[in-house]
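The residues making up each chain are set out below.
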Amino acid sequence: MAKNILICDDAAFMRMMIKDILVKNGYNIAGEAENGVKAVEKYQETKPDLVLMDINMPVMDGYEALRGVREISPDVPVIALTAYAFETDRQRMFQAGFNECLAKPLRADELRTRIAALLSR
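Residues numbered from 1 in each chain as written. Predicted model: local features only at pLDDT ≥ 70, side-chain atom pairs only at ≥ 80, totals over all residues. Heavy atoms only, no water.

Asker: Tell me about the sheet that holds strand 3 (residues 50-54), and please be specific about residues and values.
Answerer: Pairing within the open sheet is parallel, and its 5 strands lie in the order 2-1-3-4-5. At either end of the open sheet lies a strand with only one pairing partner, and these are strand 2 (28-33) and strand 5 (100-103). Each adjacent strand pair in this sheet contributes to an overall mean axis angle of 20°, direction not counted. Bridge count for strand 3 against strand 4 (residues 78-82) is 4 bridges, and the pairing is parallel. Residue V51 lies in a different strand from strand 4, and its bridge partner there is V78. Along the sheet, helix 1 (residues 12-24) contacts strand 1 (4-8), strand 2, strand 3 and strand 4; its crossing angle with strand 2, the most-contacted strand, is approximately 170°. On the sheet, helix 2 (residues 36-46) packs against strand 1, strand 2 and strand 3 and is oriented at approximately 150° with respect to strand 2. (Pairing = 2+ DSSP bridges. Helix = DSSP H or I, 4+ residues; strand = E, 2+ residues; numbered from the N terminus. Axes fitted to C-alpha atoms, helices over the stretch in contact; angles between N-to-C directions. Contact = heavy atoms within 4.5 Å.)

Asker: If you had to explain the nonpolar core to someone new, which residues and values would you point to?
Answerer: Soluble globular proteins tend to bury their nonpolar side chains together. Counting residues in each nonpolar core, the largest one holds 21 residues, and the members touching the most others are C8, V51, M53, V78, M93 and F98. Broken down by element, this core gets its largest block of residues, 4 residues, from helix 3 (residues 62-72). Ignoring any residue separated from it by four or fewer positions in sequence, one finds F98 in contact with M53, I55, G62, Y63, L66, V78, I79, A80 and M93. (Core = buried A, V, L, I, M, F, W, Y, C linked by side-chain atoms within 4.5 Å. Buried < 20%, exposed > 50% of the residue type's maximum accessible area, 1.4 Å probe, protein only.)

Put into structure tokens, the structure is as follows:
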């Protein structure tokens, strides 16, 4: 059965690019969110198998949205997407509870590999 993935990013072109990669690889799109508040709402509605979460979003950032998602489902895999992938940023993301961290611009092969690894656990 295909896995459901929620895409959270404030850039519409980024959501579209990610959706294209995921659909071509057999994943279902559980929904999309353009800010952290909508991300938590969409997560509550759809309970996807995995969440892709941009860090820098309006209204509520990815860290706050992660906390909201974790209150609902402590164990769902969440991958941070960020343009700021310096080692200190990565450490902060892992300490906050993200399972993985991917730097933008995203590479399709790396996105597929990380998602597959987290969903096979």
